[in-house]
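Topology and contacts: notes
Residues per chain, in single letters:
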Amino acid sequence: FLACHSSASEHFMWSVPRMGTLAKELGAARRLAVSSLQRHSLHEMPERELRERFERPTKDERRLDWRFIERDLIGSGIMRKESRGLGYAYVLADAEAAVRKV
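Residues numbered from 1 in each chain as written. Predicted model: local features only at pLDDT ≥ 70, side-chain atom pairs only at ≥ 80, totals over all residues. Heavy atoms only, no water.

**So, the packing of helix 2 (residues 47-55) against helix 3 (residues 66-75)**
Definition in use: Axes here refer to lines fitted to C-alpha atoms; in helices the fit is confined to the stretch in contact. Angles between the N-to-C directions go from 0 to 180 degrees. A run of DSSP states H or I qualifies as a helix once it reaches four residues; a run of E qualifies as a strand once it reaches two. Both are numbered from the N-terminal end. Angles below 35 degrees are treated as roughly parallel, those above 145 as roughly antiparallel, those between 65 and 115 as roughly perpendicular, and all remaining angles as oblique. Each crossing is labelled by how the near helix is turned from the far one, with a counterclockwise turn of less than a right angle marking it left-handed and a clockwise turn marking it right-handed. The contact criterion used is simple: two residues touch if any of their non-hydrogen atoms lie within 4.5 Å. In this count, Pro and Cys sit with the nonpolar residues alongside Ala, Val, Leu, Ile, Met, Phe, Trp and Tyr, while Asp, Glu, Lys and Arg are called charged and the others, Gly among them, polar.
Contact geometry of helix 2 with helix 3 gives a least axis separation of 10 Å together with a crossing angle of 120°. Here helix 2 is positioned oblique relative to helix 3, judged by the angle of their axes. For helix 2 against helix 3, the interelement crossing comes out right-handed. Residue-level contacts link Glu47, Leu50, Arg51, Phe54 and Glu55 of helix 2 to Trp66, Ile69 and Glu70 of helix 3. Residues that form the contact of helix 2 with helix 3 fall into these classes: four nonpolar, no polar and four charged.

Have a look at this one:
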């Protein structure tokens, strides 16, 4: 962790180790979620099905937990979680905005 103060202005510059890796993995998770939701009719998918896509083993191991990814996607307005009968479904909030945010 490194902080640097600029004497010319009142700005600080931060350097956090592994932040680039975190951003890269989060971007990949967002792209996977958006593409999965866009392929389904009405841009919605059961909670269990979308979660299982992230928990499948892949050649490059994902280090992010599904709950972290879910909070990021809902918090950024990319998707919503809605109650559907016996469970929940994820719905793509705004397809065009989701593509721009990813």
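**Points about the packing of aromatic side chains**
Rule in force here: Pairing of aromatic side chains here covers Phe, Tyr and the six-membered ring of Trp, requires ring centres within 6.5 Å, and sorts the geometry by plane angle: under 30 degrees stacked, over 60 edge-to-face, intermediate tilted. Relative accessibility thresholds used throughout: buried, under 20% of the residue-type maximum; exposed, over 50%; partly exposed, between the two (1.4 Å probe, protein chains only).
For the structure shown, the criterion picks out two aromatic pairs. A centroid spacing of 4.9 Å and a plane angle of 35° characterise the contact between Phe54 and Trp66, whose relative ring orientation is tilted. Taken together, the residues Phe54 in helix 2 and Trp66 in helix 3 connect sequence positions twelve residues apart. Residue Phe54 shares its accessibility class with Trp66, and that shared class is buried. For the pair Trp66 and Tyr90, a centre-to-centre distance of 5.8 Å together with 75° between the ring planes defines the contact as edge-to-face.

**Quick look at helix 3**
To be explicit about the condition: By arc we mean the arc of the directions from the helix axis to the C-beta atoms, nothing more.
For helix 3, the complete set of buried residues consists of Trp66, Ile69, Glu70, Asp72 and Leu73. Down the axis of helix 3, the buried set is contained in an arc of 165°. They therefore lie on one face. Away from its buried face, by an angle of more than 90 degrees, helix 3 presents the exposed residues Arg67, Arg71 and Gly75. Considering only its buried residues, helix 3 is in contact with helix 1 (19-39), helix 2, strand 4 (79-84) and strand 5 (87-92). Phi turns positive, to about 85°, at Gly77, one or two residues after helix 3.

**Some thoughts on the sheet that holds strand 3 (residues 44-46)**
Just so we agree on the cut-off: Strand pairing follows a simple DSSP-based rule, namely that at least 2 bridges must link the two strands.
Strand order in the open sheet formed by three strands is 3-5-4, and the pairing between neighbours is antiparallel. In the strand order of this sheet, the two ends are held by strand 3 and strand 4, each with one partner. Each strand of the sheet is rotated relative to its neighbour by a mean of 30°, with strand direction disregarded. Strands strand 3, strand 4 and strand 5 of the sheet are contacted by helix 2, whose axis makes an angle of about 85° with strand 3. Its contacts with the sheet put helix 3 on strand 4 and strand 5, and the angle it makes with strand 4 is roughly 105°.

**Re the nonpolar core**
As a reminder of what qualifies: Working definition of a nonpolar core: buried Ala, Val, Leu, Ile, Met, Phe, Trp, Tyr and Cys residues. They are joined through side-chain atoms within 4.5 Å.
In terms of nonpolar packing, the biggest core is built from 16 residues, with Leu50, Phe54, Trp66, Ile69 and Met79 touching the most fellow members. Taken together, the elements giving at least two residues each to this core come down to helix 1, helix 2, helix 3 and strand 5. Element by element, the count of residues in this core is highest for helix 1, at five residues. Those residues in contact with Ile69 that lie beyond four places of it in its chain are Ala29, Phe54 and Leu64.

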